[in-house]
Amino acid sequence: MRLWALISWGLAQTTYTLSGYVRDAQTQEALSGARVLVLERQSGTLTNPYGYYALRLPAGRYRIVAQFVGYRSDTLQIELRSNTKKDFLLLEEGVELSAVEIVETYEQRRFESAAMSQNRLEVQQLKKLPAFFGEVDVLRSLSFLPGVATAGDGSSAFFVRGGSPDQNLVLLDEAVVYNPGHIGGIFSAFNADALQEAQIYKGYMPPEYGGRLSSVLDVRLREGTSPRWQVGGGIGVISSRLNVQGPLWKDRIGCLFTGRRTYADLFLLFARDPELQRTALYFYDYTAKLNFRLNDRHRFYLSGYFGRDVFKTSFLDFNWGNATTTLRWNFIPSPRIFLNTLLYYSKYDYAFLVESGRNQAKFGSGIEDLGWRTDMDFFLSERLKLRLGATLVHHTFLPGQLTPTSDTSNVRPYRVPSLRGVEAAAYVQTGYKFGPRWLVEGGLRWTGFALLGPATLYTFSEEREVRDTLIYPAGRLIDSWGGLEPRLSIRYALSERWAFKSSFGRVQQFLHVATLSPVGLPTDIWWPTTLNVRRQNGYQIALALQGTPRWKNTQWDFSCEIFYRHMTNVVDFRSGADIFLNPLLEADIVQGRGWAYGTEWMLQKLSGRLTGWISYTYSRSFRYIPEITPRPFPNYVDRPHQATLVLQYPISQRLEIAFTAIYATGRPITLPVAKYFYDGQVIGVYNERNNRRMPDYHRADISLTWKSKPRAGRRWESSWNFSLYNLYGRRNMWALRLRRDPDNPNIQRAYNLYLFRWVPAITYNFQFR
């Protein structure tokens, strides 16, 4: 008896590692952030971004449960007597099972962690919401979240908690995307058919992220691991799309391909105006991914994105686009260690051809990145996981180049010298639970930037005259900057359903945008930190109250956050600045302070037939730049009030209706306060930046989704989506134009320029499995 007790005690002290992946049972896609629980110990862990988990447990028998948002949980009986690998395959909640399982929600998982100021976008849910011209748009959908605003119709540029668009880090399969919009921002650059998930961090960023002050939008592609071939797509009013995925070598190699193109320009061929017949306006994009499983320890992924926009008239030829490539290697050297290493390439460029008589010339600009990154997850115990990593990115900035395109052109070629820099970072992050109430997550990140030659730089006098010209040879280190970025998030459980959270973080930004447009047009010029343009710094503190109350057997999610953000060295331009082909661009750049504060409220109904949310944001954003105005002024993204409503209701198993509505205070604009006449022209006099506001923005949309009748054994599925954008035809102002009154030249009148009123759309979606 004593011998058996001794053996049992010895086994209890011996620990082993239980590890594996959590995947979708039908598509074999890895499920990031899935929960793996040990019922006997009431503890567990979350899968990493690639669906991998590891638990260090004493020898014994356990019931292990895997849960994920929108999926049925799965339970396995484990006899742990050695290091064991167990994969979980979860079925979506719509799949019928013999027994009813509890379905976890993202909100419940977020509530139980120290995470705050973040939201996850479910692609399948977005496809049911009203879509502009029938195109499911991840970026446009962000505006329905608290703390996120857009410039309005005709722009996918988004602002987060008082920051500008260039202060958002947008990632596609871990590669940076510099302009995530099509047709000047009307459509998103991301094809929803290729996406697995999208996560936005609005305030507190985990230490693995950095380089931008406001937010991170992390968009992940599907892996293309389906065990059998699938074909899907959609045919809409102005665009169509196609996606194909399947195995090239069973259980070894799989692939994914998606393509999309608009064809609104084809309708212009039927226009009566010959000028319109010669006009082309369209975009196309392709996404591809290849995965290769060498064995259980090594997996390789190669993904790529290429998108292009084209706008041609008889006098203008304009095109722009993004291209990214990511090569990723997942390596498991031991059950407790997961390594992710990647190389990526990213490029954004635009060019436009201008013709005047015999003179033809093309202007082009862009930015190009080549980056490396390694992350390591170290699963120390049930309660403690360590994540650390490093990254290195080489930036090439192409400010502008003018090239004649005809032999008869009198235009001389000209090129603003390019600039180069290297951005490096290293981080460590972890989390630990102290007792039943306290949970702490955070870490430390170091980020640095080095400006490299060859380069031609200038120093300026107070009158903005060139004082000296500095020429640096290739490979020369001109200067470097860097610093530590602490991140901390704390959770205190008030009860089983209510928690108080707080967070603090610092971020540095070494890349800036030279732009004269607040709506994110594709003519932005990226510029690095130099001797004259200082790095931007951001500090944010936030407090939150979160809860998951139940009322009349209905699950709700409630969150209320207050935040304050302080920014130094924010970038702006002097009035009348010229950003094109200007080698002395830095003389017109001015920097100052910025700050933003506000509160965000959100109430979600998670269960029942009617689901959705309502949100309200009060937020203010200001800038103080003495070279522009002696007093602080509202930033152009300052919109004090914003409210949104999103509702979904299944009328039957085949018919579902969705409704969205949004209201926002008008965006600030700068208008003249007086005028005078000079040489027959009316000249405006301005006193302050952003001294007036556009009219308030509001809109409602509605959609109806009708699914085909399901049949046993049928592999073909289809649906029709009918949507109406701007339900009541609101003329929301896109821009304001001042014109002289033809009857009274002494008077200037303001005219509202709007883009869209009623926009109906019909889309046919299909899927063959």
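S.K.: I'm lost on the overall build of the chain in this one. Help?
M.R.: Helices and strands together make up the secondary structure of the chain, namely 6 helices and 52 strands. In the chain, which comprises 769 residues, the proportion classed as buried is 54%. Pairs at least 24 apart in sequence give 65% of the contacts found in the chain among residues at least 6 apart.

S.K.: How should the sheet that holds strand S5 (residues 60-67) be read in this particular structure?
M.R.: Two pairing modes exist for strands in a sheet, parallel and antiparallel, and in both the strands are linked by backbone hydrogen bonds. One open sheet holds the 4 strands; their spatial order is S3-S2-S5-S6, and the pairing between them is antiparallel. A strand with exactly one partner marks an edge of an open sheet, and here the two such strands are strand S3 (43-46) and strand S6 (74-80). On average, each strand axis in the sheet is tilted by 25 degrees relative to the strand beside it, whichever way the strands run. Taken together, the 4 bridges between strand S2 (residues 35-38) and S5 define a ladder with antiparallel strand orientation. From the neighbouring strand, arginine 35 faces S5, where its bridge partner is glutamine 67.

S.K.: How do you make sense of the pattern of salt bridges when you look at a structure like this?
M.R.: Any two side chains of opposite charge can pair, so long as their charged atoms come close to each other. Counted according to the given criterion, the structure contains 29 salt bridges. As a salt-bridge pair, arginine 23 and glutamate 223 come within 3.7 Å of each other at their nearest N and O atoms. Of the two residues, arginine 23 sits in strand S1 (residues 15-24) while glutamate 223 sits in the loop between strand S17 (215-221) and strand S18 (230-235), which places them 200 residues apart along the sequence. This pair shows no difference in class: arginine 23 is buried, exactly as glutamate 223 is. Between arginine 63 and glutamate 40 there is a salt bridge; the shortest N-O distance is 3.1 Å. Highlighted residues: arginine 63 in strand S5 and glutamate 40 in the loop between S2 and S3, separated in sequence by 23 residues. Arginine 63 sits in the partly exposed class, given a relative accessible area of 37%. The exposure class of glutamate 40 is partly exposed, given its relative accessible area of 39%. Salt bridges linked by common partners bring Glu208, Arg373, Asp375, Asp377 and Arg387 together as one network.

S.K.: What am I meant to see in the sheet that holds strand S16 (residues 195-201) here?
M.R.: Across the sheet, which stays open at both edges, the 5 strands sit in the order S9-S16-S17-S12-S13 with mixed pairing between neighbours. The open sheet has two edge strands with one neighbour each: strand S9 (118-121) and strand S13 (175-176). Two elements, strand S12 (residues 168-172) and S17, share 5 bridges in a ladder whose sense is parallel. Paired with leucine 171 across the bridge in S17 is aspartate 218.

S.K.: Explain empty space enclosed by the protein here, please?
M.R.: With a probe scaled to a water molecule rolled over the atoms, the places where space remains empty come into view. Counted according to the given criterion, the structure contains 12 cavities of 30 Å³ or more. Empty space within the largest cavity amounts to approximately 330 Å³. Along the walls of the largest cavity sit 26 residues, with Gly210, Tyr344, Thr391, Val393 and Arg445 positioned nearest its centre. Of all the secondary-structure elements, those providing two or more residues to the lining of the largest cavity are S12, strand S24 (337-356), strand S25 (359-379), strand S26 (385-404), strand S28 (419-434) and strand S29 (438-452). Residues belonging to the lining of the largest cavity are distributed by class as follows: 13 nonpolar, 5 polar and 8 charged. The calculated volume of the second largest cavity comes to roughly 170 Å³.

S.K.: Please clarify how the side chain of serine 239 should be interpreted in this entry.
M.R.: Looking at the secondary structure, you find serine 239 in strand S19 (residues 239-249). The class of serine 239 is buried, set by a relative accessible area of 3%.

S.K.: Sorry, what's going on with a nonpolar patch on the surface here?
M.R.: A surface patch of nonpolar side chains, about 880 Å² in accessible area, is lined by Trp229, Leu248, Trp249, Leu290, Leu302, Leu327, Leu343, Trp372 and Leu392. Within the fold, leucine 392 resides in strand S26. On the basis of relative accessible area, leucine 392 is assigned to the partly exposed category, the value being 42%.

S.K.: Would you explain the nonpolar core in this entry?
M.R.: Most often, soluble globular proteins have nonpolar side chains that are buried together. Formed by 46 residues in total, the largest nonpolar core has its most connected members in Tyr350 and Leu511. Here this core gets 5 residues from one element, more than from any other, and that element is S24. Look past the residues within four positions of tyrosine 350 in its chain and what remains in contact with it is Phe318, Asn319, Trp320, Phe363, Gly364, Ser365, Pro522, Thr523, Asp524, Ile525 and Phe580. Listed in part, the 36 residues of the second largest apolar core include Leu172, Leu221, Ile662 and Tyr697.

S.K.: Explanation requested: the side chain of arginine 506 in the structure shown.
M.R.: Mapped onto the elements, arginine 506 comes out in strand S33 (residues 498-509). One buried charged side chain, arginine 506, makes no salt bridge at all; its nearest oppositely charged neighbour is glutamate 485, positioned 6.1 Å away. At 2.8 Å, the side chain of arginine 506 and the backbone oxygen of leucine 484 are in polar contact. Within the structure, the side chain of arginine 506 is placed 2.7 Å from the side chain of asparagine 537, a separation counted as a polar contact. For arginine 506, the residues in contact, after removing those within four places along its chain, are Gly483, Leu484, Glu485, Pro486, Arg487, Asn537, Gly538 and Tyr539.

Analysis parameters
- Residues numbered from 1 in each chain as written.
- Predicted model: local features only at pLDDT ≥ 70, side-chain atom pairs only at ≥ 80, totals over all residues.
- Heavy atoms only, no water.
- Helix = DSSP H or I, 4+ residues; strand = E, 2+ residues; numbered from the N terminus.
- Buried < 20%, exposed > 50% of the residue type's maximum accessible area, 1.4 Å probe, protein only.
- Contact = heavy atoms within 4.5 Å.
- Pairing = 2+ DSSP bridges.
- Axes fitted to C-alpha atoms, helices over the stretch in contact; angles between N-to-C directions.
- Salt bridge = Lys/Arg side-chain N within 4 Å of Asp/Glu carboxyl O.
- 1 Å grid on protein atoms, 1.4 Å probe; cavity = no way out; pocket = protein on both sides within 12 Å on 5 of 7 lines; lining within 4 Å.
- Points joined across faces, edges and corners; volume = space filled by probe spheres on them.
- Nonpolar A, V, L, I, M, F, W, Y, C, P; charged D, E, K, R; others polar.
- Patch = residues over 30% accessible without salt bridge, like charges linked within 9 Å, V, L, I, M, F, W, Y side chains within 5 Å.
- Areas by Shrake-Rupley, 256 points an atom, 1.4 Å probe, with all protein chains shown as cover.
- Core = buried A, V, L, I, M, F, W, Y, C linked by side-chain atoms within 4.5 Å.
- Lys, Arg positive; Asp, Glu negative; His and termini not counted.
- Polar contact = N/O pair within 3.5 Å; in protein donor to acceptor, adjacent residues only side chain to side chain.

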